[in-house]
Amino acid sequence: MWHRICRYGWPQGKGYLAEPESVRVIVELFDQEKANFLAWENQGNGTGTY
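So, how was this worked out
Residues numbered from 1 in each chain as written. Predicted model: local features only at pLDDT ≥ 70, side-chain atom pairs only at ≥ 80, totals over all residues. Heavy atoms only, no water. Helix = DSSP H or I, 4+ residues; strand = E, 2+ residues; numbered from the N terminus. Rg over C-alpha atoms; globule rule 2.2 N^0.38 Å. Buried < 20%, exposed > 50% of the residue type's maximum accessible area, 1.4 Å probe, protein only. Polar contact = N/O pair within 3.5 Å; in protein donor to acceptor, adjacent residues only side chain to side chain. Contact = heavy atoms within 4.5 Å. Expected span 1.5 Å × (residues − 1). Salt bridge = Lys/Arg side-chain N within 4 Å of Asp/Glu carboxyl O.

Undergrad: Any chance you could break down the overall build of the chain for me, citing the residues and the numbers?
TA: Scanning the chain from terminus to terminus reveals two helices and zero strands. Here the C-alpha radius of gyration of the chain, 14 Å, is well above what a compact globule of 50 residues would show, namely 10 Å. Seen along its three principal axes, the alpha-carbon backbone of the chain occupies a region of about 45 × 20 × 10 Å. When each of the 50 residues of the chain is scored for burial, the buried share is 12%.

So this is what it looks like as structure tokens:
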């Protein structure tokens, strides 16, 4: 669901305010997790070198 929203937009086509609260919460959660992962990776933690 999150990938589809990122790629194609919100299902209702009227923006995030037209969506159910649960959908918005899930999308915001995944957006924050992606940002956290990218920040972690940019610190050199995801390089794969041990």
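Undergrad: Tell me about the side chain of Arg24, and name the residues and values.
TA: Counting through the fold element by element, Arg24 comes out in helix α2 (residues 21-45). Looking at Arg24, its side chain comes within polar contact range of the main-chain oxygen of Glu19, at 2.9 Å. Beyond its immediate chain neighbours, meaning those up to four positions away, Arg24 contacts Trp10, Tyr16, Leu17 and Glu19.

Undergrad: I'd like a description of α2, backed by residues and values.
TA: Between its first and last C-alpha, α2 extends 34 Å over 25 residues, near the 36 Å set by a 1.5 Å rise per residue. By the burial criterion, the buried members of α2 are Val23, Arg24 and Val27. Structurally, α2 contributes buried residues whose contacts are with α1 (2-8).

Undergrad: Outline the pattern of salt bridges, supporting the account with residue identities and numerical values.
TA: Summed over the entire model, instances satisfying the criterion amount to one salt bridge. For Glu21, the salt bridge identified is with Arg24, shortest N-O distance 2.7 Å. Placement of the pair is Glu21 and Arg24 together in helix α2, with a separation of three residues, close to one helical turn. A relative accessible area of 17% means that Arg24 is categorised as buried.

Undergrad: Account for the environment of Glu41, with residues named and values stated.
TA: Relative to the helices and strands, Glu41 resides in helix α2. Sequence separation between Glu41 and Glu21 is 20 residues; the distance between their C-alpha atoms is 30 Å.

Geometry only, nothing functional implied.
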